[in-house]
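Take a look at the letters that make up each chain.
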Amino acid sequence: MKQKQVTQLLVELHELNKTLKTIASSLVRKEVSHDIFPGIAFKAAPVSKEEFVKHYGEYVRRCSN
């Protein structure tokens, strides 16, 4: 194999590696950033985590209809 061919293959391999890293990163972000409220916007200010946990049972009841 000629040096020019080897160089071209190395360049292509490097580009493929970058593409694979981008795809892998995208997949990780999709797993982590699952939206549990798709299409829903909340107009009020957010409550504290403690307040949300306190009313979690109500949330479950409303989702179970």
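Nothing here was measured: the structure is a model prediction, and the numbers come from that model.

Participant: Can you tell me about the overall build of the protein, naming the residues and giving the values?
Facilitator: On a plain count of helices and strands, the protein comes out with three helices and zero strands. N-terminal to C-terminal, the α/β element order of the protein is α-α-α. Here the protein holds 65 residues, and 0% of them are scored as buried.

Participant: Quick rundown of the pattern of salt bridges? Include the residues and the values.
Facilitator: In the structure shown here, the tally under the stated rule is two salt bridges. For Glu58, the salt bridge is made with Arg62, and the minimal N-O distance between the two is 2.8 Å. Of this pair, Glu58 and Arg62 are both found in helix 3 (residues 56-63), four residues apart, which corresponds to roughly one turn of the helix. By relative accessible area, Arg62 is classed as exposed at 61%.

Participant: Give a description of the confidence of the model for the protein that names residues and reports values.
Facilitator: Of the residues in the protein, 88% have a pLDDT of 70 or more, and the chain-wide mean is 82. When the elements of the protein are averaged for pLDDT, helix 1 (residues 3-32) gives the smallest value, 81, and helix 2 (residues 49-54) the largest, 91.

Rules behind the numbers
- Residues numbered from 1 in each chain as written.
- Predicted model: local features only at pLDDT ≥ 70, side-chain atom pairs only at ≥ 80, totals over all residues.
- Heavy atoms only, no water.
- Helix = DSSP H or I, 4+ residues; strand = E, 2+ residues; numbered from the N terminus.
- Buried < 20%, exposed > 50% of the residue type's maximum accessible area, 1.4 Å probe, protein only.
- Salt bridge = Lys/Arg side-chain N within 4 Å of Asp/Glu carboxyl O.
- pLDDT = per-residue confidence, 0-100.

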